[in-house]
Amino acid sequence: MAGETVITFTGNVVADSELRFTPSGAPVANFRVANTPRTFQRDTNEWKDGDPVFLSVSVWRQQAENVAESIKRGDRVIIVGRLTQRQYEKDGERRSSYEIQADEVAPSLRSATAAVTKNSHNGQQAGQQAYGAPQGDPWANGQSAAGQWGSAVQEPPF
């Protein structure tokens, strides 16, 4: 990522994400987010809205499918990714648009709650690790640590 503009952006989703598939079958989700800065005016003792910032977001692969299922219009999200600029011509006028190529997308928990459900990975059950380490609690059924992990493991001090 050398030379790329990394950005963390917090805003509200303005439309449900659109999930598409490339000709090779890779999923990509696209959606737009908006953030309106607010400043407090001491002289009037009121909050004043600034100009809103709208950004397009694209998410790829498994995360695209997760976003399409999880993030909906109106949700407040936190996005970490790379800011890109695209130039194009419309009606004879040169224009620019900005987009975030998202590395991470998450719901903001500032004023909401979320329940996390892990996807299964490589045929594993949801929540299982695929690192080769023994699974489960060997003490739950009275089995010693040595019985599952070998004699080099000591019983815990509790």
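The model shown is predicted, which means the values in this text are computed figures rather than measured ones.

Draft legend 1. Region of interest: the packing of aromatic side chains. Inspection of the entire model under this criterion finds one aromatic pair. Relative to tryptophan 47, the ring of phenylalanine 40 has its centre 5.4 Å away and its plane inclined at 65°; by these criteria the two rings are edge-to-face. Its relative accessible area of 36% is what places phenylalanine 40 among the partly exposed residues.

Draft legend 2. Focus on the pattern of salt bridges. Following the criterion strictly, the structure yields four salt bridges and no others. The partner of aspartate 49 in a salt bridge is arginine 38, with the nearest N and O atoms 2.8 Å apart. One end of the pair, aspartate 49, is in strand β5 (residues 46-49); the other, arginine 38, is in strand β4 (residues 38-41), and 11 residues separate them in sequence. Two residues, arginine 86 and glutamate 99, come together in a salt bridge whose shortest N-O distance is 3.4 Å. A residue pair is termed long-range when its members are at least 10 positions apart, and arginine 86 in strand β7 (residues 76-90) and glutamate 99 in strand β8 (residues 93-107) qualify at 13 residues. You can call glutamate 99 buried: its relative accessible area is 15%.

Draft legend 3. Broad picture of the layout of surface pockets. Space inside the largest pocket adds up to approximately 640 Å³. Taken together, 22 residues line the largest pocket, and the ones lying closest to its centre are Asn66, Ser70, Pro107, Ala115 and Val116. Among the secondary structure elements, those contributing two or more residues to the lining of the largest pocket are α1 (61-70) and β8. Ranked by residues supplied to the lining of the largest pocket, first place goes to α1 with five residues. Of the residues belonging to the lining of the largest pocket, the class tally is nine nonpolar, eight polar and five charged.

Quick notes on the rules
- Residues numbered from 1 in each chain as written.
- Predicted model: local features only at pLDDT ≥ 70, side-chain atom pairs only at ≥ 80, totals over all residues.
- Heavy atoms only, no water.
- Phe/Tyr/Trp six-rings, centres within 6.5 Å; stacked < 30°, edge-to-face > 60°.
- Buried < 20%, exposed > 50% of the residue type's maximum accessible area, 1.4 Å probe, protein only.
- Salt bridge = Lys/Arg side-chain N within 4 Å of Asp/Glu carboxyl O.
- Helix = DSSP H or I, 4+ residues; strand = E, 2+ residues; numbered from the N terminus.
- 1 Å grid on protein atoms, 1.4 Å probe; cavity = no way out; pocket = protein on both sides within 12 Å on 5 of 7 lines; lining within 4 Å.
- Points joined across faces, edges and corners; volume = space filled by probe spheres on them.
- Nonpolar A, V, L, I, M, F, W, Y, C, P; charged D, E, K, R; others polar.

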